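For reference, the chains in residue letters:
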Amino acid sequence: MSLAQVHYTSAAPGVEGTAGRFTAVGPGVSGALLAEIEPLVRYELPGGVPERPSDDELRSLPQAFGYFTLSDGSRLVARSAPVRDTGGTGAGVRFHAHAVHLPPGVPLPGDRLPVEAWRSPHWVAVTPGGATPDPLTLPPGPTAVSEGLDDFAVSRGPWLAAVLADLRRASDAEAAGRPVALVERQCADVARWLGLASVTLPRESAERLTFTTYTRRPGSSASRVVGVGPEDAGAARAAGLRVHECAGPAPAGSTEDVWATTAARVWRSRSPELFREARELPGEPFAAGPLAVTALCAGIALGPDGRAAAAGWAADRPYALDVQRTGQLVEAIASPDIDDRTAPEFDAAGRLFGALEGRCPASVTAPLAAMLVTEAVRGGNGSLELPRRDAFAGPEGAEVAGRLGPEILTELADTVGSRSVARTVQLLRVARLLGVDAAESLPGVVDRLAPALLAEASAAHEGPPGFAPALLELLDEQFEVRTALLGALDRMAPEDPGAVARFLERVALPFTGTQALPHLRMCAEVPEAMATLGGDRAAVWHRVLRAAGLSPFAEPLVLRTGVGLVWEDRAPTVEEARLLLDAATSDSHRVAGTWARLVDAALSTSDAGTSAAATSATGTSAAGTDEAARLAHDLLRGFPAEIGGRQRAGLLLLDLVRELRTGAPEPGWAERVSTLCAQAEPVEPALRERAHAALVERLLAPDRPGAELYDFVHGADAELIAAYDRTARTEAVRTRLRTQPAYAADCFTVWTAHPHAGRAWPPVAAALLDDVLRPAVRGMSAEDVAEVEATVGRTGSSGRADAFRDWNRSSTLGRLGRRIAGRVRRG
C-alpha cells in the first residue's frame, strides 16, 4: 500500500518568528498529528558549525533518523538532514525532514523493522513536486542492516553488554525505566547500535524500541533511545538518562545481566545467526539459558554465569536437545581448560548431570561426572549433587578413581588438621562412588565426625544445619558408616545428653534398625515426653528410661543419660532424688556418676522448705528438710568413699539437723554445727539457716543439756547467737514464756548465767531479758510471777531468786513511776 509522507523544511537563516513549515503532507495525516509530528522532526545543528560550511563540512553534519509512536497508535519513521539554503546568498544552512506515516497495524514495506530503513536511498532532502511517491524501497534482504555490524560490535566490546542490557530494558512495554542515551561522534554509529538491537532482540521487542540517532535536547526527547554527541553527554546525564559514553574511554566494571553478557560474547564471536537459533529453543525471551546453550554448542567460551545458566536451563529441559547437542554442551561445561568455575556453576552442573543420568549414554555424561567428583575432592564444594555409583563403572571411572583415590585416603587419615562435617561427609561419599576402600580410616574418621556434628549443629542457626541432607544421604548409602557413627554418638550421649537431644531434634538420624542405641533412643524420646507430660519430671524420667530398652542394672549409664536429659540445668528435688536413688543400686549410681546429682539435690532442696522463722513459730520441723536429711543419711551410707570434702560436711550437717529435731544426737552437737558449717563452706544459705534453727530450737528447749548450752554461749559464734536471738523473739517462744512459768524461770536463769561469756552473748542476753522476758512476766498474774520466782530459786540458788526479785521489782517500779508521771502531766 502507499504510505502517507510528510515533508518539513526549516525557516531560512535570519528569518524571525517561525521555526519552519510543512511543505507537503500526504493524505490521512490530520492537523492534530502534524502538531505532534513537528517537534519530533525538528533539527538543531551541533555546536561549532561555521556560518557558511563547505560541502564536505555540510556532509559531515549528523542526520537525525528516528522512529516514533504517536498518540493515536500510529508510527512515524523520519529522517531530518541539514541542507544548504539555496535562497538568498546560498551560503546558510537549514534542514529538511522527510517522514513516512505508518497507520496502526501497517508495517513497513517487506515487513521490515524501522531501523532497516536508515540506509534507504530514497530519503530526500527537498520537497518533491507533484505527487509524492513512496520512497522507502528498502535494500533487499537483511544485508543492509547487518552489514558491518560484526566489526562494529567488536569495536564496541567494552560497552557491548551494558548497552544491550539497557536496550533490552528500554524495549520492555511494562518497564518505566529511564531512557538510554548513546554518546557517539557519528550518528551512523547510533544507528548501528540500533541495528545490533534489531538482530539481538526478539522482533516484538525491537518494534517497541523508539529512537532517534541525534538530538541536542536529550532530556525532552520522547524516544526510549537517543543518540547524542560528546558535547551533549552532560546534558543527558543531568536529565537522568542512562548514559553510555561510547565515544570515550572504556568503562570500568561489568554488568550482572547474564543474557546481555552472553549476547555480547556472541557478537564478539561474529555469530549473530545464533540469536535466531536461540529464539527457537523454549524459554522466556530474555532468559540467558537458551542463548548460553546455543553459544556453548557453537564453541563460544562463556563465563561462569553463562555456563551456569546453560546448565540450569538444560537441567530443567533434558529433552530439549538432541544427543549431539547435549554432548557438545557437556563437553563445553566440563572442559578441563576452564579454571574459573564457581559454586553456583557446580550446583547447576550437578543438577544437569542428575537430569541427564539415565537419559543419555554414560559416555556423554562421563566428563560431567568426572568434573563433579574432582571438584568435590579438590574444590571442597560440600553442596554438590553427586552422581550415582554406576556413573563410574566404566574405564572413565577407573581413571578418576586412580587419580583421586590417594588424595581422598590421605585427607581422611589426617587427624591433626581441622575438617568440617560437610567435607568429611563429601569425602566418604566420593570414596564410595569411586570404589575407594576407606575401611581402615573409618574408625578415626567417625571419632572426629561425631563430636563435630554436635559442635557445628549447636553453632548453626535454627533449623537443620547445612550438612544435614548430605549426612542423611551418606547414612542411607553406607551401612558401615551409619553403624559406626550411630554407635559413636550413642557412646557420647551420656556425657552431654542435652546436646545430643537438641541435635536429634534438628537432624532426624535413622536409628530404628537392629542396633540397641539406648542413649540415642532416650535422647530422641525426651522432647515428646516433655511436651506431653509437661512439668512432671518424674513421669518424663520413667518414659525416657523405658525408651532405652535396657534396665539401669544392666546398663548403669542410662541413669546418667536420663538424669542429664530430665534435669539438665537444675538439681532434682528431694522426692525426685529419692526416686532416682531407689531406681538402681548404689553400684549402678556409682558407675553412672549420678550419685553426685543426688548429693546436689540433698544439699540444695532445703530451699524448698519453710523458713527458719516459720519453723520456729510452729514448733515443728520442715518436711522438706526432714526428707533431705533422710536422703543425706542414705547417701552417706551408700557412697562413703565417693562423698568427701565440703559435700560430706554438708550431708553430715543435714543429718545432724534431723537428729536435733527428731532424736538424741551425740554430745557436742553445738560445737559440731559450727565445725560442719565451716567445713561445708561455701555452704548453701538455706542449709546453714536450717542447721542454726535446729540448734537454737534445742537450746531454747527446757530439756537441753547444760553442757551444750555452755558450749554454745562460750563458743562465741556470732551467727549462731544471732539465730538464737531471732528464734527467741518469735511468737512461739513469747507465748510459751507467758503461759509457762517454769519455762520463763529457765530462760531467766540462762539469760543471766553468763554475763562475761565473750562479746557476742552478753548484749544479746540483756536485750532478751528486756525485750522478750520482761513483757512476758509483766503480763503474768501474781501467782505465776511467784511461781517463776520460786522456780528460779529451786533450780539455781537463793541469790538467783533475789536477783529475779530485784529484776522484776525494777520493772514494777518503772511501771509505777510512769503512772505517777502520767498523773502529773494530766494535772
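Residues numbered from 1 in each chain as written. Predicted model: local features only at pLDDT ≥ 70, side-chain atom pairs only at ≥ 80, totals over all residues. Heavy atoms only, no water.

## Examining the packing of helix α12 (residues 304-316) against helix α14 (residues 343-356)
Consideration 1: Axis separation between α12 and α14 bottoms out at 8 Å; the angle between their running directions is 25°. Overall, the two elements α12 and α14 adopt an arrangement that is roughly parallel. The chirality of how α12 crosses α14 is left-handed. Facing P304, R307, A308, A311, G312, A314, A315 and D316 of α12, the residues of α14 in contact are P344, E345, A348, A349, R351, L352 and A355.
Consideration 2: Tallied by class, the residues present in the contact of α12 with α14 amount to ten nonpolar, one polar and four charged. (Axes fitted to C-alpha atoms, helices over the stretch in contact; angles between N-to-C directions. Helix = DSSP H or I, 4+ residues; strand = E, 2+ residues; numbered from the N terminus. Parallel < 35°, antiparallel > 145°, perpendicular 65-115°, else oblique. Left-handed = near helix turned anticlockwise from the far one by under 90°. Contact = heavy atoms within 4.5 Å. Nonpolar A, V, L, I, M, F, W, Y, C, P; charged D, E, K, R; others polar.)

## Things to note about the nonpolar core
A general feature of soluble globular proteins is that nonpolar side chains tend to end up buried together.
Consideration 1: If you look at the biggest cluster of nonpolar residues, it comprises 223 residues, and the most contacted ones within it are L471 and W751.
Consideration 2: V41, F68, L70 and Y214 belong to the second largest nonpolar core, which has 22 residues in total. (Core = buried A, V, L, I, M, F, W, Y, C linked by side-chain atoms within 4.5 Å. Buried < 20%, exposed > 50% of the residue type's maximum accessible area, 1.4 Å probe, protein only.)

## A few points about the state of the cysteines
Consideration 1: What the rule picks out here adds up to zero disulfides.
Consideration 2: The thiol of C297 is unpaired, and the distance to the nearest cysteine sulfur, on C360, comes to 12 Å.
Consideration 3: Since its relative accessible area comes to 14%, C297 is described here as buried. (Disulfide = S-S within 2.5 Å.)

## Here's the deal with unusual backbone geometry
Consideration 1: The omega torsion of the bond from E681 to P682 falls at -5°, within 30 degrees of zero and hence cis.
Consideration 2: Within the secondary structure, P682 is located in the loop between α31 (669-679) and α32 (685-699).
Consideration 3: Despite not being glycine, R270 has its phi angle at roughly 55°, a positive value.
Consideration 4: Along the chain, R270 turns up in the loop between α9 (258-268) and α10 (273-279).
Consideration 5: Its relative accessible area of 42% is what places R270 among the partly exposed residues.
Consideration 6: Positive phi is not limited to glycine here, since L517 has a value of about 45°.
Consideration 7: The residue L517 is located in the loop between α21 (497-506) and α22 (518-533) in this model.
Consideration 8: Since its relative accessible area comes to 5%, L517 is described here as buried.

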